[in-house]
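What follows is each chain in one-letter form.
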Amino acid sequence: MRYLVRSLKYFICFAIFFTAVLLALILFGAADWDMNSLFREGTDALWKIAVLFALVAAVYPKVGFARRELGLEEGKTAERDVISGYMKQLGYVPETDAADNMTFRQARTSGRLARMFEDRITFSFFPSGKTVIEGLRKDVVRIAGGLEFKINRESESNA
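Fair warning: this is a prediction, and the values are worked out from it, not measured in the lab. (Residues numbered from 1 in each chain as written. Predicted model: local features only at pLDDT ≥ 70, side-chain atom pairs only at ≥ 80, totals over all residues. Heavy atoms only, no water.)

1. Quick word on the nonpolar core
1) Next: Judged by nonpolar contacts, the single largest core of 19 residues is most densely connected at Ile83, Met87, Phe123, Ile133, Ile143 and Leu147.
2) Next: Every element with two or more residues in this core is listed here: helix H4 (80-89), strand E3 (101-106), strand E4 (121-125) and helix H6 (137-158).
3) Next: The element that contributes the greatest number of residues to this core is H6, accounting for five residues.
4) Next: In this view, Leu147 contacts Leu70, Val82, Ile83, Tyr86, Phe123 and Ile133; residues no more than four positions away in its chain are not counted. (Core = buried A, V, L, I, M, F, W, Y, C linked by side-chain atoms within 4.5 Å. Buried < 20%, exposed > 50% of the residue type's maximum accessible area, 1.4 Å probe, protein only. Helix = DSSP H or I, 4+ residues; strand = E, 2+ residues; numbered from the N terminus. Contact = heavy atoms within 4.5 Å.)

2. Quick look at helix H3 (residues 44-64)
1) Next: The terminal C-alpha atoms of H3 lie 30 Å apart, and with 21 residues this matches the ideal 30 Å at 1.5 Å per residue to within 8%.
2) Next: If you check which residues of H3 are buried, you get Ala45, Ile49, Phe53, Ala57, Pro61 and Gly64. (Expected span 1.5 Å × (residues − 1).)

3. A few points about the environment of Phe126
1) Next: Relative to the helices and strands, Phe126 is located in the loop between E4 and strand E5 (131-136).
2) Next: Phe126 gets classed as partly exposed once you look at its relative accessible area, which sits at 34%.
3) Next: The spacing of Phe126 and Val5 is 121 residues in sequence and 28 Å in space, taken between C-alpha atoms.
4) Next: When near neighbours in sequence (up to four residues on either side) are disregarded, Phe126 contacts Arg67 and Val132.

4. Some details on the pairing of E4
1) Next: With five of five residues buried, E4 lies mostly within the body of the structure.
2) Next: Residues Ile121, Phe123 and Phe125 of E4 are buried on one face, and the alternating residues Thr122 and Ser124, pointing to the opposite face, are buried as well.
3) Next: One ladder, built from four bridges, connects E3 with E4; its direction is antiparallel. What sits directly across from Met102, in E4, is Phe123.
4) Next: Examined bridge by bridge, E4 and E5 share four bridges and lie antiparallel to one another. The residue bridging Ser124 from the neighbouring strand is Val132, located in E5.
5) Next: The loop that links E4 with its antiparallel partner E5 comprises five residues; one of these, Gly129, has a positive phi angle of about 100°. (Pairing = 2+ DSSP bridges.)

5. Side note on the sheet that holds E3
1) Next: One open sheet accounts for five strands, arranged E1-E5-E4-E3-E2; its pairing is antiparallel. The open sheet has two edge strands with one neighbour each: strand E1 (65-69) and strand E2 (92-97). The mean inter-strand angle of the sheet, taken between neighbouring strand axes irrespective of direction, is 20°.
2) Next: On top of the sheet, H4 reaches E2, E3 and E4; it is set at about 10° to E3, its chief contact. (Axes fitted to C-alpha atoms, helices over the stretch in contact; angles between N-to-C directions.)

Distances and angles like these do not, on their own, reveal function.
What follows is the structure in structure tokens.
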């Protein structure tokens, strides 16, 4: 269900962006108001564009979101207070804090809007000591890399 909602959000976002670009071209005089002059096939091209947007929107949630295990050195674990402090530095606020997971959201509305309110980052903790991060791929990669560096470096400086 979450995948479908994300796909619909991206389809709507693509349609709004496309409409905004067309309106800008028309308002600046680079294009005509007539649909037949905007597109080779006129209004018949609109359904083809919509199908293209639907295909991209159907695939993007699979590509744009990721799960990644923190790559920590042997014997090191991700502590909740280190994660909370790091996420606060990046502009995230805690949403939930349960025994087996923590979730964070963007603090700024502009950051949430830029991610179409799909800004949730989830940390899942497993009894084996591994920690898995879920969310937008670019955020997961950035956060995981920063946390791995921070946790591995702190333990080296304490040794």
